[in-house]
Amino acid sequence: MLVRLIYASRSSRSITPDLIESILAPSRRHNLESGVTGVLCVCHGDVFLQVLEGAREEVNLLYGKILHDERHSQVTLLHYEEVEQRRFSSWRMGRVDLDKLNVGIILKYSEKPILDPFAISGRVALALLEELIEGAAIVGGC
Ligand code: FAD
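What you see is a predicted model; the values in this text were computed from it and never measured.

Cut-offs and rules
Residues numbered from 1 in each chain as written. Predicted model: local features only at pLDDT ≥ 70, side-chain atom pairs only at ≥ 80, totals over all residues. Heavy atoms only, no water. Helix = DSSP H or I, 4+ residues; strand = E, 2+ residues; numbered from the N terminus. Rg over C-alpha atoms; globule rule 2.2 N^0.38 Å. Buried < 20%, exposed > 50% of the residue type's maximum accessible area, 1.4 Å probe, protein only. Contact = heavy atoms within 4.5 Å. Areas by Shrake-Rupley, 256 points an atom, 1.4 Å probe, with all protein chains shown as cover. Salt bridge = Lys/Arg side-chain N within 4 Å of Asp/Glu carboxyl O. Disulfide = S-S within 2.5 Å. Near = heavy atom within 4 Å. Polar contact = N/O pair within 3.5 Å; in protein donor to acceptor, adjacent residues only side chain to side chain. Nonpolar A, V, L, I, M, F, W, Y, C, P; charged D, E, K, R; others polar. Phe/Tyr/Trp six-rings, centres within 6.5 Å; stacked < 30°, edge-to-face > 60°.

*Asks:* Sorry, what's going on with the overall build of the chain here?
*Replies:* Summing up its helical and strand segments, the chain has four helices and five strands in all. Taking 2.2 N^0.38 as the reference for a compact globule, 142 residues should give roughly 14 Å; the C-alpha atoms of the chain span a radius of gyration of 14 Å, in line with that estimate. Counting only C-alpha atoms and orienting by the principal axes, one finds that the chain spans roughly 35 × 35 × 25 Å. Relative to its full complement of 142 residues, the chain shows a buried share of 45%. Considering only contacts within the chain whose residues lie at least 6 apart along the sequence, 80% involve residues at least 24 apart. On the chain, roughly 7500 Å² of surface is accessible, and the fraction owed to carbon and sulfur atoms is 50%.

*Asks:* Sorry, what's going on with the pattern of salt bridges here?
*Replies:* Two side chains of opposite charge can pair, provided their charged atoms sit close to one another. A complete count under the given rule lists eight salt bridges for this structure. Asp97 serves as the salt-bridge partner of Lys100, at 3.7 Å between the closest nitrogen and oxygen. What makes Lys100 exposed here is its relative accessible area of 71%. Among the residues examined, Asp97 registers a relative accessible area of 24% and is labelled partly exposed.

*Asks:* In this structure, what is going on with the state of the cysteines? I would like to understand it.
*Replies:* Under the criterion given, the structure shown has zero disulfides. The structure places no disulfide on Cys41, whose sulfur is separated from the nearest cysteine sulfur, that of Cys43, by 5.9 Å.

*Asks:* Would you mind showing me how to read the site of the ligand here?
*Replies:* The environment of the ligand is formed by 17 residues, the closest being Ser27, His30, Asn31, Lys65 and Asp69. Measuring from an oxygen atom of the ligand, one finds a side-chain N or O atom of Arg71 at 3.2 Å. Relative to its unbound accessible area of 910 Å², the ligand is 62% covered by the protein chains. Elements with a minimum of two residues in the shell around the ligand: helix 1 (17-34), strand 3 (47-55) and helix 2 (56-67). With four residues, the single largest contributor to the shell around the ligand is helix 1. Residues of the shell around the ligand, tallied by class, amount to eight nonpolar, five polar and four charged.

*Asks:* What am I meant to see in the packing of aromatic side chains here?
*Replies:* The way to describe two aromatic rings as a pair is by their centre distance and the angle between their planes. Per the counting criterion, the structure on display carries one aromatic pair. The interplanar angle of 50° and the centroid separation of 5.8 Å between the aromatic rings of Tyr7 and Tyr63 together place this pair among those described as tilted. With a gap of 56 residues between them, Tyr7 in strand 1 (residues 2-11) and Tyr63 in helix 2 connect regions that are remote in the sequence. Neither Tyr7 nor Tyr63 differs from the other in exposure class; each is buried.

Here is the structure:
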């Protein structure tokens, strides 16, 4: 049984390349073992948007750890569904910097040119993430 989970959260401190790397490097190792795949987006204002896919038990276990991780707060569940197949199977944990995207992509899904993941629905978050695959905007973590 595969599930997909999307959440938003606010970083406890400024998001720097070092902070991202300190989260992603161990995540990719762990995700390889647990079979979890997905993408971590960094949004303006030190906000994370992450999609996780994998076995229900593994995704639920990981989300439980993520909820208690002190490196971020306001962890907000946007979307959770059972799926027949993954959309993000190519990434142990890919990364996207939303500030570096063409503003037209953001405006397609957002009222303002800066995306606020806390203000969008889970369906909209998924549509945006799917568009990032098509635009080859996801880097690393293969
Ligand atoms: P432990 O290493 O014992 O972690 C226990 C706690 O220590 C953590 O919850 C955290 O609060 C803290 N901690 C761990 N490492 C650091 C560090 N370098 N600096 C400061 N505090 C630290 N994990 C994954 O496996 N896969 C993911 O895709 C994933 N995505 C994440 C996305 C975000 C935005 C964040 C903030 C964390 C993510 N994590 C991910 C990490 C996850 O929250 C857990 O830290 C990780 O799964 C290990 O948990 P643990 O309890 O087994 O291990």
